[in-house]
Amino acid sequence: MENRRIGMGPIPPVPEDYLTEQQLTKLDILKKFGWILVCIRRPENEESTIVLRHKQDHSIGIMKEDGTLTISEETKIRGGKLETDNFYT
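What counts and how
Residues numbered from 1 in each chain as written. Predicted model: local features only at pLDDT ≥ 70, side-chain atom pairs only at ≥ 80, totals over all residues. Heavy atoms only, no water. Pairing = 2+ DSSP bridges. Helix = DSSP H or I, 4+ residues; strand = E, 2+ residues; numbered from the N terminus. Axes fitted to C-alpha atoms, helices over the stretch in contact; angles between N-to-C directions. Buried < 20%, exposed > 50% of the residue type's maximum accessible area, 1.4 Å probe, protein only.

Student: Teacher, can you tell me more about the sheet that holds strand E3 (residues 60-63) here?
Tutor: The strands making up a sheet associate through backbone hydrogen bonding, with each pair oriented either parallel or antiparallel. Here 4 strands make up an open sheet; going across it, the order is E1-E2-E3-E4 and the pairing antiparallel. Looking at which strands have only one partner, the edges of the open sheet turn out to be strand E1 (35-41) and strand E4 (69-71). Put simply, the sheet's adjacent strands are angled 30° from each other on average, direction ignored. Relative to strand E2 (residues 49-54), E1 is paired through 6 bridges, and the arrangement is antiparallel. When the bridges of E2 are listed, Ile40 appears paired with Ile50.

Student: It is not clear to me how the environment of Ile11 should be interpreted in this structure. Could you clarify?
Tutor: Mapped onto the secondary structure, Ile11 falls in the segment before helix H1 (21-32). The sequence separation of Ile11 and Val51 amounts to 40 residues, and the corresponding C-alpha distance is 9.9 Å.

Student: Would you mind going over unusual backbone geometry with me for this structure?
Tutor: In most cases, non-glycine residues show a negative phi, while peptide bonds are predominantly trans. Of note in this structure, Asn45 is not a glycine but carries a positive phi near 60°. Here Asn45 shows up in the loop between E1 and E2. Relative accessible area serves as the criterion here: at 81%, Asn45 is assigned to the exposed category. Of note in this structure, His58 is not a glycine but carries a positive phi near 60°.

Structure (structure tokens):
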């Protein structure tokens, strides 16, 4: 499988360019409760997917366009684990 993210990190240099105003507002609130932005999936010709992870219990959540966070046990992240150096805090 070809890695289409070559040269691109999991979080763009200016993540705010990929977030709605509602998402930015909710992200600021969620950070206070231990949530961290881990990646923004940016497929061509599709909406971005905002992925967060909780610092303590390592839950994974997907942030919808309106800022709602959906927590799912079934969400998988490539490699099965995340390195803390990749977190956007």
